[in-house]
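Examination of the molecular architecture
Chain by chain, the residues:
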Amino acid sequence: MQAVAQPTYDIIILGASGFTGKYVVREALKFLNNPCSPLKSLALAGRDPSKLTRTLQWAAHPSPPPPIPILTADTTDPPSLHRLCSQTKLILNCVGPFRLFGDPVVAACTQSGCDYLDICGEPDFMERMEAKYHEQAVETGSLVISACGFDSVPAELGLMFNSRQWLAPAVPNKVEAYLSLESDKRIVGNLGTYESAVLGVANVQKLLELRRSRPKRARPVIPGPPPPKGSVIESQKKIGLWAVKLPSADSIVVRRTLSILTENPHGLPGMIESPEQIEKREVFWSTVKPAHFGVKLGSKSLLGIFRFIMVGMFIGLFSGNAFGRWLLLKFPSVFSLGWFKKKGPSEEEVKSASFKMWFVGHGFSDNSLLSRGNLKPDMEIITRVMGPEIGYVTTPIILVQCALILLSQRENLPKGGVFTPGIVFGSTDLQQRLQENGISFDVVSKSVLPA
Ligand SMILES: NC(=O)c1ccc[n+]([C@@H]2O[C@H](COP(=O)([O-])OP(=O)(O)OC[C@H]3O[C@@H](n4cnc5c(N)ncnc54)[C@H](OP(=O)(O)O)[C@@H]3O)[C@@H](O)[C@H]2O)c1
């Protein structure tokens, strides 16, 4: 019998020359050939070898660039993607907007059985990939997980962390996440994220059509009545923020995780799990209680909230037609009121930024209160996830830690399929790894709500 050839590389970073890609390379280099790390070989891939070489120099600075292979691949050239897949265990995809460039990469991975992680924050892309490639990924043993960045891991793990603080007989009903972005300098994002957001809003109808064409997902049973809608602008006094609904990917990804969990109450079985691992996974998922979930963007001032609303209105109004989209993307600074720049943030702006995500959970101190007709939540648990700048520090930390889990614990994870990060990594040591790398999880308060 012939031995199966092992792939040459542990990881290939595709789109390494992009604004986010270069920070992902810098984060990955910290773990390359480190004695405790499973990452022993790495390659960079993209369209332009000279740009990739410069990326490697930037990422390794002040050290000289390590001898890392540079591979040429273009998402418009499927054979080049198949070549990548045949050489690696795992592709980290940083080429976005994913709705424009992601499909051929997922196709190549699922056809070849190679694993795939990305930093996508575009719900329509994620749901389309699940509809199109899940069956094939299960068959070939390719694990495909989108949203392994700030979108949507802090929301996924943050909700689970809050929900696990509700000890029986207490149960949560609703958890609202409030995101606060902070900096001594300006908070700035790169054009790639802005373009992805604009195209996402422009194509929201397509997402609704896709959902209508798909079988209905299982819905979790959440104790208590659905929470009231609430006002558009909220003053959250406990955490000192004004807040407005944030139409990001987070709540959609979390909802998909809760649906998969409802269909698989013990989580997803791993490829080759030991009895101890099975028990550990099942115990973990038995402590996660579903809740209604939403995300709001917070600001210390009401003026900040009006700025968010104005940017949302510009994108909503202009993204519907080609000329409007051209205007939005031609003048990102103007229409995002300075939040997105063609050149992205400076290194100082990246260094000085940070985030806090507060999870305010409301529920019942005793599940049996519900059967006695007490339908008003009487308990509140506030937890918090905090970390450095979201797009170019937190996102690379999360992506690289997810990748290291795949490399070191592959047998404990599902053989293949298209999944959300929460359902795959929830019961692993991802939270602990993030804590060790500068992203904290803490319980802020547990209190009784006034009757
Ligand atoms: N999850 C999160 O929280 C999070 C955080 C940050 C970013 N993101 C997402 O990451 C994506 C990238 O953002 P960015 O700001 O880094 O964008 P960017 O700077 O424009 O980078 C895009 C990358 O894609 C490459 N690329 C474009 N077309 C390609 C093709 N046909 N074949 C191969 N490579 C191609 C570019 O290569 P060249 O260098 O050759 O042009 C570049 O490396 C966006 O979708 C953004 O929303 C998500």
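Named according to an unreviewed UniProt entry, the chain is Saccharopine dehydrogenase NADP binding domain-containing protein originating from Acer saccharum. Listed under Sequence similarities (unreviewed entry) in UniProt, the entry text for the chain is "Belongs to the saccharopine dehydrogenase family."

**Description of the pairing of strand β13 (residues 353–364)**
Regular strands place their side chains on alternate faces of the sheet. β13 sits mainly inside the fold: 10 of its 12 residues count as buried. Sheet topology note: the strand β7 (residues 171–183)/β13 ladder contains 12 bridges and is antiparallel. Bridged to Tyr178 within β13 is Trp358. Note: β13 against strand β14 (residues 379–388), 10 bridges, orientation antiparallel. Note on β14: the bridge partner recorded for Lys356 is Met386.

**Re the sheet that holds strand β2 (residues 42–46)**
With parallel pairing, the 7 strands of this open sheet are ordered in space as β3-β2-β1-β4-β5-β6-β15. Looking at the sheet topology across the chains shown, the edges are occupied by β3 (70–72) and β15 (417–419). Here the average twist between neighbouring strands, direction ignored, is 20°. Lying on the sheet, helix α2 (residues 49–60) is in contact with β2 and β3; it crosses β2 at an angle near 135°.

**Description of the environment of Gly438**
Structurally, Gly438 can be placed in the loop between α19 (430–436) and β16 (440–448). Under the C-beta neighbour-count criterion, Gly438 is labelled partly exposed, with 13 such atoms within 10 Å. Measuring from C-alpha to C-alpha, the distance between Gly438 and Gly387 comes to 6.1 Å, with 51 residues separating the pair along the chain. Once you skip the residues sitting within four places of it in the chain, Gly438 turns out to touch Gly387, Pro388 and Ile397.

**Some thoughts on helix α7 (residues 153–163)**
The buried fraction of α7 amounts to 11 of the 11 residues, a majority that puts the element mostly inside the structure. Where α7 is concerned, the buried positions are Val153, Pro154, Ala155, Glu156, Leu157, Gly158, Leu159, Met160, Phe161, Asn162 and Ser163.

**Side note on the site of the ligand**
Taken together, the neighbourhood of the ligand is formed by 30 residues, with Gly18, Thr20, Gly96, Gly149 and Gly192 sitting nearest. Elements supplying a minimum of two residues to the shell around the ligand: α1 (19–29), α4 (98–101), α8 (191–202) and α17 (390–408). Residue classes in the shell around the ligand are distributed as 8 nonpolar, 17 polar and 5 charged.

**Description of the nonpolar core**
Nonpolar side chains tend to gather and get buried jointly when the protein is soluble and globular. Counting residues in hydrophobic clusters, the biggest one holds 112 residues, and the most contacted among them are Ile13, Leu14, Ile91 and Leu92. The element that contributes the greatest number of residues to this core is α17, accounting for 12 residues. Not counting residues up to four positions away in its chain, the partners in contact with Leu92 are Ile11, Ile13, Leu14, Val24, Leu117, Leu399 and Ala403.

**Some details on the packing of α7 against helix α10 (residues 250–263)**
When two helices pack together, you describe them by how their axes are tilted relative to each other and by the distance separating the axes. Running from N to C, α7 and α10 point in directions that differ by 55°, and their axes come no closer than 9 Å. Here α7 lies oblique to α10, going by the angle between them. Handedness of the α7/α10 crossing: right-handed. Along its contact with α7, which presents Ala155, Glu156 and Leu159, the element α10 presents Asp250, Val253, Val254 and Thr257. The residue inventory of the contact of α7 with α10, partitioned by class, reads 4 nonpolar, 1 polar and 2 charged.

Thresholds applied
- Residues numbered from 1 in each chain as written.
- Predicted model: local features only at pLDDT ≥ 70, side-chain atom pairs only at ≥ 80, totals over all residues.
- UniProt positions renumbered as here; feature names shortened; annotations may be inferred.
- Buried ≥ 20, exposed ≤ 12 C-beta atoms within 10 Å, placed from the backbone.
- Helix = DSSP H or I, 4+ residues; strand = E, 2+ residues; numbered from the N terminus.
- Pairing = 2+ DSSP bridges.
- Axes fitted to C-alpha atoms, helices over the stretch in contact; angles between N-to-C directions.
- Contact = placed C-beta atoms within 7 Å.
- Near = placed C-beta within 6 Å.
- Nonpolar A, V, L, I, M, F, W, Y, C, P; charged D, E, K, R; others polar.
- Core = buried A, V, L, I, M, F, W, Y, C linked by C-beta atoms within 7 Å.
- Parallel < 35°, antiparallel > 145°, perpendicular 65-115°, else oblique.
- Left-handed = near helix turned anticlockwise from the far one by under 90°.

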